[in-house]
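# Breakdown of the fold
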Amino acid sequence: MLVCHCHRVNDARIDQVLAAGADGVRGVVRATRAGSGCGGCIPMLRELCATRTGRVTCPQHADAVLAG
Ligand code: FES
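To start, this report covers the structure provided alongside it. Predicted, not measured: the structure shown is a model, and the values here were computed from it. (Residues numbered from 1 in each chain as written. Predicted model: local features only at pLDDT ≥ 70, side-chain atom pairs only at ≥ 80, totals over all residues.)

## Details of the nonpolar core
As a rule of thumb, soluble globular proteins bury nonpolar side chains together. Ranked by internal contacts, the top residues of the largest apolar core, which has 13 residues, are Val3, Ile14, Val28, Ala34 and Leu45. For this core, the elements supplying multiple residues, two or more each, are β1 (2-4), α2 (24-32) and α3 (42-53). Apart from residues no more than four positions distant in its own chain, Val28 is found in contact with Ile14, Val17, Leu18, Ala22, Ala34, Leu45 and Cys49. (Core = buried A, V, L, I, M, F, W, Y, C linked by C-beta atoms within 7 Å. Buried ≥ 20, exposed ≤ 12 C-beta atoms within 10 Å, placed from the backbone. Helix = DSSP H or I, 4+ residues; strand = E, 2+ residues; numbered from the N terminus. Contact = placed C-beta atoms within 7 Å.)

Structural data, given as structure tokens:
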């Protein structure tokens, strides 16, 4: 599934970078550039990262971990 249309990043690539140790949304953005264009995919990035890592982030601040 294509997550970031601006940088053509799919969920498989996001899974790869999380498995390689990327630290949440910030780590995914650094590794893939997903979310660094229009920003429209940020909510989906947050949801994917929370689902994959079990960590919940603040909806206003992608790097703030609220639980997990
Ligand atoms: S869709 Fe990801 S930054 Fe635009």
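## Observations regarding the packing of helix α1 (residues 11-19) against α3
Two elements in contact, α1 and α3, have axes separated by 11 Å at closest approach and are oriented at 50°. Relative to α3, the element α1 is oriented oblique. Pair α1 / α3 crosses with right-handed handedness. Listed contacts from α3 to Asp11, Ile14, Asp15 and Leu18 of α1 are Leu48, Cys49, Arg52 and Thr53. Its residues assigned to classes, the contact of α1 with α3 shows four nonpolar, one polar and three charged. (Axes fitted to C-alpha atoms, helices over the stretch in contact; angles between N-to-C directions. Parallel < 35°, antiparallel > 145°, perpendicular 65-115°, else oblique. Left-handed = near helix turned anticlockwise from the far one by under 90°. Nonpolar A, V, L, I, M, F, W, Y, C, P; charged D, E, K, R; others polar.)

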